Amino acid sequence: MVVQSHKITRFIDVNEFLDSIKDKNIELSKHALFRLGDKQRDIFKEEIPNYIKNKTPVCVGIQGNGLYAIFYKYSSNLAIRILLISENTKVLIVTFYIISMDKIPTQK
């Protein structure tokens, strides 16, 4: 079941998105890591910002709730969906999910 506010309402060009965040600080919200254990938290608190700074997304969109949904290839059959807010001087990572590659939305 897809919650309507989580559905992509508009796709963004990947390069346009990367240009819009290139000089911004990247921060994690407290919510972003709350479901993780201590060891996982230590890994992902570095890995998630690294994806945004150094990797090219497969897909970028804006959800019905206004959050950016950024999709990156994570492994051969998995992707990572990062939800974030882009403000004037910073990018705030709200949360992230590991999903199967077939769950990445496509433009119709």
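Please read these numbers as outputs of a predicted model, since none were measured by experiment.

**Considering the pattern of salt bridges**
- Throughout the structure, instances matching the rule amount to three salt bridges.
- One salt bridge connects Lys 90 with Glu 87, and the closest N-O pair in it is separated by 3.8 Å.
- Overall, Lys 90 belongs to the partly exposed group, its relative accessible area being 23%.
- Through salt bridges with shared partners, a single network forms among Glu 27, Glu 87 and Lys 90.

**Here we look at the side chain of Lys 24**
- Tracing the backbone through its elements, the reader meets Lys 24 in the loop between helix H1 (14-21) and strand E2 (25-28).
- For Lys 24, which is buried and forms no salt bridge, the nearest opposite charge comes from Glu 87, at a distance of 8.5 Å.
- Looking at Lys 24, its side chain comes within polar contact range of the side chain of Ser 86, at 2.7 Å.
- From its side chain, Lys 24 meets the backbone oxygen of Glu 87 in a polar contact 2.7 Å long.
- Contact partners of Lys 24, with chain neighbours within four places excluded, come to Ser 86, Glu 87, Asn 88, Thr 89, Lys 90 and Val 91.

**What to know about the nonpolar core**
- Ranked by size, the top nonpolar core spans 23 residues in total, and within it Phe 17, Ile 52, Tyr 68, Tyr 72, Ile 82, Leu 84 and Phe 96 carry the most contacts.
- Those elements giving two or more residues to this core turn out to be H1, helix H2 (38-54), strand E3 (59-63), strand E4 (68-73), strand E5 (78-86) and strand E6 (90-100).
- The leading source of residues in this core is H2, at four residues.
- In this view, Tyr 72 contacts Phe 17, Tyr 51, Ile 52, Lys 55, Thr 56, Pro 57, Val 58, Ala 79, Ile 80 and Ile 82; residues no more than four positions away in its chain are not counted.

Parameters and conventions
- Residues numbered from 1 in each chain as written.
- Predicted model: local features only at pLDDT ≥ 70, side-chain atom pairs only at ≥ 80, totals over all residues.
- Heavy atoms only, no water.
- Salt bridge = Lys/Arg side-chain N within 4 Å of Asp/Glu carboxyl O.
- Buried < 20%, exposed > 50% of the residue type's maximum accessible area, 1.4 Å probe, protein only.
- Helix = DSSP H or I, 4+ residues; strand = E, 2+ residues; numbered from the N terminus.
- Lys, Arg positive; Asp, Glu negative; His and termini not counted.
- Polar contact = N/O pair within 3.5 Å; in protein donor to acceptor, adjacent residues only side chain to side chain.
- Contact = heavy atoms within 4.5 Å.
- Core = buried A, V, L, I, M, F, W, Y, C linked by side-chain atoms within 4.5 Å.

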